Amino acid sequence: MRRTIVITGGTSGIGKALARHHAGRGDLVIAVGSGEAGGERLREDVPSARFVRADLGSIRQTHALIERLRADHPVIDALVLGAFRYNPARIETEEGFEHTFALYVINRWLMAEGLRDSLERAPAPVIINLCGVGGVRAGGIHWDDPQLTRGYRPFRATMQGARGGELLASTYNGGRTRYVLYNPLFVATGLFEPFRQPVRGLVRVMSALFAQPVARAVPPIAALVDRPPAGPLTAYRKGRPIAFAADREQALRFEKAVRAMVAPFSG
């Protein structure tokens, strides 16, 4: 049976490889990316996939994307949340949010919430959130300054995004939809590109020595799309299930805070 699979960050790296895999199996793949150049490369490499351009760091464009997907695809079998960008310097979105927070936290939360109805109509719906679960445990939520207006550091922003995504996943009430937090670990996806020298050179060497090829990272993720876990929320690290539990009080507090942040730009 042909399935409908939405992949954010679907024009490069793991997202693009997943698009190629599922399109090759006859699924309808909607790959979302921010740049036309990435869309053109996707059309060349995976001609049967559908490219949708959207700035996922923008709440306005995310809402528009959700409305379009809901109208065009009343049934969505899988939502893969993979859009991410490492920002060496602080970038602010059009709505005034720190970009990592907007992309890693707000967008993923909006996509999961906004496509809930389309997912629930599928026979075995699943959300795969590509993240850092089970990895480095440094960092947390900066409750007094979540947009990191004071003392921005890219690693701090990334770790806050990772923790925030885990907390929001634990509050997701998806009915039949299974929510999977998935950490692929070190994958050769051009991670070194955003860094400045000499760090760029060091990360490039580390990637060449230790990162797994993208093609090897895809099969265990695709397997979870094909056969979602039984539990409502599960976590995996490089294909293996791991224990995961979020602080319920913190999770509800964070979800309330994010909902309040987004409210002025919704409706």
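Just above sits the structure.
Residues numbered from 1 in each chain as written. Predicted model: local features only at pLDDT ≥ 70, side-chain atom pairs only at ≥ 80, totals over all residues. Heavy atoms only, no water.

Asker: Go over the overall build of the chain with me, naming the residues and quoting the values.
Answerer: Looking only at helices and strands, one finds 9 helices and 8 strands in the chain. Of the contacts made within the chain by residues no fewer than 6 positions apart, 74% connect residues no fewer than 24 positions apart. Counting only carbon and sulfur atoms, one obtains 53% of the accessible surface of the chain, whose full area is about 12,500 Å². (Helix = DSSP H or I, 4+ residues; strand = E, 2+ residues; numbered from the N terminus. Contact = heavy atoms within 4.5 Å. Areas by Shrake-Rupley, 256 points an atom, 1.4 Å probe, with all protein chains shown as cover.)

Asker: Run through helix α2 (residues 36-45), naming residues and quoting values.
Answerer: By the burial criterion, the buried members of α2 are Gly38, Gly39 and Leu42. For α2, the angular spread of the buried residues around the axis is 100 degrees, confining them to a single face. (Buried < 20%, exposed > 50% of the residue type's maximum accessible area, 1.4 Å probe, protein only. Arc of directions from axis to C-beta.)

Asker: So, the side chain of Asn183: which residues are in play, and what are the values?
Answerer: Mapped onto the elements, Asn183 comes out in strand β6 (residues 178-183). A polar side-chain atom of Asn183 sits 3.0 Å from the main-chain carbonyl oxygen of Val133. (Polar contact = N/O pair within 3.5 Å; in protein donor to acceptor, adjacent residues only side chain to side chain.)

Asker: So, the pattern of salt bridges: which residues are in play, and what are the values?
Answerer: Close approach of charged atoms allows side chains of opposite charge to pair. Throughout the structure, instances matching the rule amount to 14 salt bridges. Close ionic contact of Glu166 with Arg163 constitutes a salt bridge, the shortest N to O distance being 3.1 Å. Of this pair, Glu166 and Arg163 are both found in helix α6 (residues 154-171), 3 residues apart, which corresponds to roughly one turn of the helix. According to the relative accessible area criterion, Glu166 is buried, its value standing at 5%. By sharing partners, the salt bridges in this structure join Arg3, Arg25, Asp27 and Asp226 into a single network. (Salt bridge = Lys/Arg side-chain N within 4 Å of Asp/Glu carboxyl O.)

Asker: Describe the sheet that holds strand β5 (residues 126-130), with residues and values.
Answerer: The strand order across the open sheet formed by 8 strands is β3-β2-β1-β4-β5-β6-β7-β8, and the pairing between neighbours is mixed. On the outer flanks of this sheet lie β3 (50-53) and β8 (240-242), each paired with one strand and no other. When strand polarity is set aside, the average angle formed by the axes of neighbouring strands in this sheet is 25 degrees. Judged from the 5 bridges that link them, β6 and strand β7 (residues 233-237) form a sheet pairing that is parallel. The residue of β7 that forms the bridge with Asn183 is Arg237. Packed onto the sheet, helix α8 (residues 214-226) meets β1 (4-8), β4 (78-81), β5, β6 and β7 and runs at close to 155 degrees relative to β5. (Pairing = 2+ DSSP bridges. Axes fitted to C-alpha atoms, helices over the stretch in contact; angles between N-to-C directions.)

Asker: Now, about the packing of aromatic side chains: what can you tell me, with residues and values included?
Answerer: Tallying each qualifying case throughout the model produces 5 aromatic pairs. Seen from their ring centres, Trp143 and Phe254 are 6.0 Å apart, and the 85 degrees between their planes marks the pair as edge-to-face. Separated by 111 residues along the polypeptide, Trp143 in the loop between β5 and α6 and Phe254 in helix α9 (residues 248-262) bring together distant segments of the chain. A residue is classified by how much of its surface remains accessible, and Trp143, at 27% relative accessible area, is partly exposed. Through successive ring pairs, a cluster of aromatic residues spans Phe101, Trp143 and Phe254. Directly above the aromatic system of Trp143 lies the positively charged group of Arg253, at a separation of 3.7 Å from the ring centroid. (Phe/Tyr/Trp six-rings, centres within 6.5 Å; stacked < 30°, edge-to-face > 60°. Lys NZ or Arg CZ within 6 Å of the ring centre and 35° of its normal.)

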